[in-house]
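# Summary of structural features
As a plain string of letters, each chain reads:
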Amino acid sequence: MVEVNSAVQSLMQSANTLFILLGAIMVLAMHAGFAFLEVGTVRHKNQVNALVKIMTDFGVSTLAYFFIGYHIAYGTSFFVSATQLTASNGYDLVKFFFLLTFAAAVPAIVSGGIAERARFYPILLASTLTVAFIYPFFEGMAWHGNYGLQDWLQHKFGAQFHDFAGSVVVHAVGGWVALGAILLLGPRNGRYRGGKVVAFAPSNIPFLALGSWILTVGWFGFNVMSAQTLDSISGLVAVNSLMAMVGGIVVAMLVGRRDPGFIHNGPLAGLVAVCAGSDLMHPIGALITGGIAGALFVYLFEWAQNRMPKLDDVLGVWPLHGMCGVWGGIAAGIFGQKALGGLGGISFMSQLLGTLTGVVIATVGGFLVYGAIKRIFGLRLSAEEEFEGADLSIHHIGANALD
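Residues numbered from 1 in each chain as written. Predicted model: local features only at pLDDT ≥ 70, side-chain atom pairs only at ≥ 80, totals over all residues. Heavy atoms only, no water.

## Some details on unusual backbone geometry
Glycine aside, negative phi is the norm for most residues, and most peptide bonds take the trans geometry. For the record, the criterion: For helices the rule is a DSSP run of H or I covering at least 4 residues; for strands it is a run of E covering at least 2, with both sets numbered from the N terminus onward.
You will see that Q228, though not glycine, has its phi angle at about 70 degrees, which is positive. By the secondary structure assignment, Q228 is in the loop between helix 9 (205-224) and helix 10 (235-255). Of note in the backbone geometry, R257 takes a positive phi value of approximately 55 degrees without being a glycine. Tracing the sequence through the fold places R257 in the loop between helix 10 and helix 11 (260-274).

Next up, the structure:
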């Protein structure tokens, strides 16, 4: 029996390691989605820069999270022997890989908001600092109980702040960090003339659509595999993700007047919003959550573009990730209630206060990091470099060779 139990335990450890590794790979693939969503949205002269930023942001994010951020969030250091690191089939190492792909999503989100006018190395430095300090500070509060926030919410309202897959921890944090960077950079040259918006049309709708599809498919790894072990996996998470995605598509189609940009961002809005409560909601609650997120994205994107001249958010990352992430944190406290078909064990006030805490930390952190770098190094390309395009100004090559 001892040998049988040992074999079963070894099998479960290896299965859990494989499970979370597959999740890490699926979320890693989502970064290609971020890249192509940006490539399809920016003007042709900035497409190479969009691709390079997502790749290099992932590189510096890995270093920042491995050496600093993961320790801040979870108190775990990798300065031990490989013998210790490979315990339980290396599960802890692969868990780091999985959570890294979440952390690296924050600079990828910011990248879409500041596209077409940002300098290269100062932005890489900002990404490094964000993943090393700002993101793991709140991640540790929400997912590891650091600094007593969760204990206080449990004592005060009877439940902790619940964010199963990161509506607030990842998406809202990314969107509100991006807001500071966008405002500090200012609008693209030529974007506003005589008090009116000058539209810069997406350069490549097929690439934009490809990015949306890659993100949508990878999101099922993002949400479902947030269970982190096989015995915790739930088909409810998968179906709730599906229903929220569909709600976002249909509502964005209707209120966005069949605009392809809105239609392909609609599923992303729904998926952002359902992350927090995907393990608690009834599928109908998830559908409503996703539908509201789809409308929220369309209306706030149009409002920001047309009414806020200093808020030149190229991909709409603040409404998509920042505001839909906020809605997701709050929606979990609504549709997770047993009275609305959810599983319960959640507090609306804990969700509200936890969400607001994430927004404050991200906003203050974003302004501090990008503000300091702006003062010391400068954030923005010169007018001549911006006119020429980031591809030629920074990388000295265009997206296509036209012989």
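Don't stop here, the text continues.
## Topic: the pattern of salt bridges
Going by this rule: In the sections that follow, a salt bridge refers to a side-chain nitrogen of Lys or Arg positioned within 4 Å of a carboxyl oxygen of Asp or Glu. With a 1.4 Å probe rolled over the protein chains alone, any residue whose accessible area is under 20% of its type maximum counts as buried; one over 50% counts as exposed, and the rest are partly exposed.
Going through the model one piece at a time under the given rule, you end up with seven salt bridges. A salt bridge links R188 to E116, with the shortest nitrogen-to-oxygen separation between them at 2.6 Å. In this pair, R188 sits in the loop between helix 8 (167-185) and strand 1 (192-193) while E116 sits in the loop between helix 5 (105-113) and helix 6 (120-143), placing the two residues 72 residues apart along the sequence. On the accessibility criterion, E116 (2% relative accessible area) is buried. Salt-bridge contacts for R257 lead to E302; the nearest nitrogen and oxygen are separated by 2.4 Å. On the criterion of sequence distance, the pair formed by R257 in the loop between helix 10 and helix 11 and E302 in helix 12 (residues 283-307) is long-range, its members being 45 residues apart. For E302, a relative accessible area of 22% corresponds to the partly exposed category. When salt bridges with common partners are traced through the structure, they connect R43, E116, R188, R191 and D312 into a single cluster.

## Quick look at a nonpolar patch on the surface
The cut-off we apply is this: Only residues whose relative accessible area exceeds 30% and that take part in no salt bridge are eligible for patches, with like-charged residues grouped when within 9 Å of each other and nonpolar side chains (Val, Leu, Ile, Met, Phe, Trp, Tyr) grouped when within 5 Å. Method for areas: the Shrake-Rupley scheme with a 1.4 Å probe, in which residue coverage is limited to the protein chains shown.
On the surface, a cluster of nonpolar side chains totalling about 460 Å² of accessible area is made up of L242, V246, V250, M253, L254 and L287. By residue number, the principal contributor to the nonpolar patch is helix 10, which donates five residues. Mapped onto the fold, V250 is located in helix 10.

## Here we look at the packing of helix 10 against helix 11
What counts here: Axes, fitted as lines to C-alpha atoms, cover a helix only where it is in contact. Angles between the N-to-C directions of the axes lie from 0 to 180 degrees. What sets the label is the angle itself: under 35 degrees gives roughly parallel, over 145 gives roughly antiparallel, 65 to 115 gives roughly perpendicular, and the rest give oblique. Crossings are sorted by hand: turned counterclockwise from the far helix by less than a right angle, the near helix makes the crossing left-handed, and turned clockwise it makes it right-handed. The criterion used for residue contact is that any of the two residues' heavy atoms lie within 4.5 Å. Under this grouping Gly is polar, as are all residues other than the nonpolar Ala, Val, Leu, Ile, Met, Phe, Trp, Tyr, Cys and Pro and the charged Asp, Glu, Lys and Arg.
Where helix 10 meets helix 11, the axes come as close as 7 Å, and the angle between the chain directions of the two elements is 140 degrees. Between helix 10 and helix 11, the interaxial angle falls into the category oblique. The crossing of helix 10 and helix 11 is right-handed. Of the residues in helix 11, those touching helix 10 at N240, S241, A244, M245, G248, I249, A252 and M253 are F262, I263, G266, P267, G270, L271 and V274. Here the contact of helix 10 with helix 11 is built from residues that sort into ten nonpolar, five polar and no charged.

## Points about the side chain of D57
Let me state the cut-off plainly: The positive count covers Lys and Arg only, the negative count covers Asp and Glu only, and His and the chain ends enter neither. A 3.5 Å cut-off defines polar contacts: any pair of N or O atoms within that distance qualifies, except that in protein one atom must be a possible hydrogen donor and the other a possible acceptor, and neighbouring residues in sequence count only when both atoms are side-chain atoms.
For D57, the position within the fold is in helix 2 (residues 47-74). Although D57 is buried, it forms no salt bridge, and the closest oppositely charged side chain is K53 at an N-O distance of 6.6 Å. Here the side chain of D57 touches S127 through a polar contact of 2.9 Å, side chain to side chain. When sequence neighbours within four positions are dropped, the list of residues in contact with D57 reads P107, S111, L124 and S127.

## Quick notes on the packing of aromatic side chains
Our working rule: Working definition: rings of Phe, Tyr and Trp (its six-membered ring) pair if their centres are within 6.5 Å, and the pair is stacked with planes under 30 degrees apart, edge-to-face with planes over 60 apart, and tilted otherwise.
Overall, the coordinates contain 24 aromatic pairs when judged by the stated rule. Ring centres of F36 and F207 lie 5.2 Å apart, and the angle between their planes is 65 degrees; this geometry places the pair in the edge-to-face category. With F36 in helix 1 (residues 2-41) and F207 in helix 9, this residue pair connects regions lying 171 residues apart in the sequence. Looking at F36, the relative accessible area reads 24%, which means it is partly exposed.

## Looking at helix 9
Stated precisely, the cut-off is as follows: An expected span of 1.5 Å times one less than the residue number is assigned to each helix.
With 20 residues, helix 9 extends 29 Å between its outermost C-alpha atoms, agreeing within 8% with the 28 Å of an ideal straight helix rising 1.5 Å per residue. Residues of helix 9 that are buried include every one of L208, A209, G211, S212, L215, T216, G218, W219, G221, F222, N223 and V224, and no others. Against helix 1, helix 4 (87-103), helix 8, helix 10 and helix 11 lie the buried residues of helix 9. The distance from a side-chain oxygen at the start of helix 9 to the backbone nitrogen of F207 is 2.9 Å, and the residue carrying that oxygen is N204.

## Considering the nonpolar core
Heads up, the rule is: For the purposes of this section, nonpolar cores are sets of buried Ala, Val, Leu, Ile, Met, Phe, Trp, Tyr and Cys residues that join through side-chain atoms within 4.5 Å.
In terms of nonpolar packing, the biggest core is built from 109 residues, with Y65, Y135, F138, W219, F222 and Y370 touching the most fellow members. Counting residues per element, this core draws most heavily on helix 8, at 13 residues. In contact with Y65, other than residues within four places in its own chain, are Y70, Y74, F96, L99, L100, A103, V131, Y135 and E139.

## So, the packing of helix 1 against helix 5
Remark: helix 1 packs on helix 5, axes separated minimally by 10 Å, with the N-to-C direction vectors making an angle of 5 degrees. Here helix 1 lies roughly parallel to helix 5, going by the angle between them. Only A105, A108, I109, S111 and G112 of helix 5 make contact with helix 1, whose side of the interface consists of H31, F34 and E38. Taken together, the residues of the contact of helix 1 with helix 5 sort by class into four nonpolar, three polar and one charged.

## Points about the side chain of S393
Inspection of the secondary structure assignment puts S393 in helix 16 (residues 390-395). In this structure S393 comes out as buried when scored by relative accessible area, which is 14%. In this view, S393 contacts E385 and E388; residues no more than four positions away in its chain are not counted.

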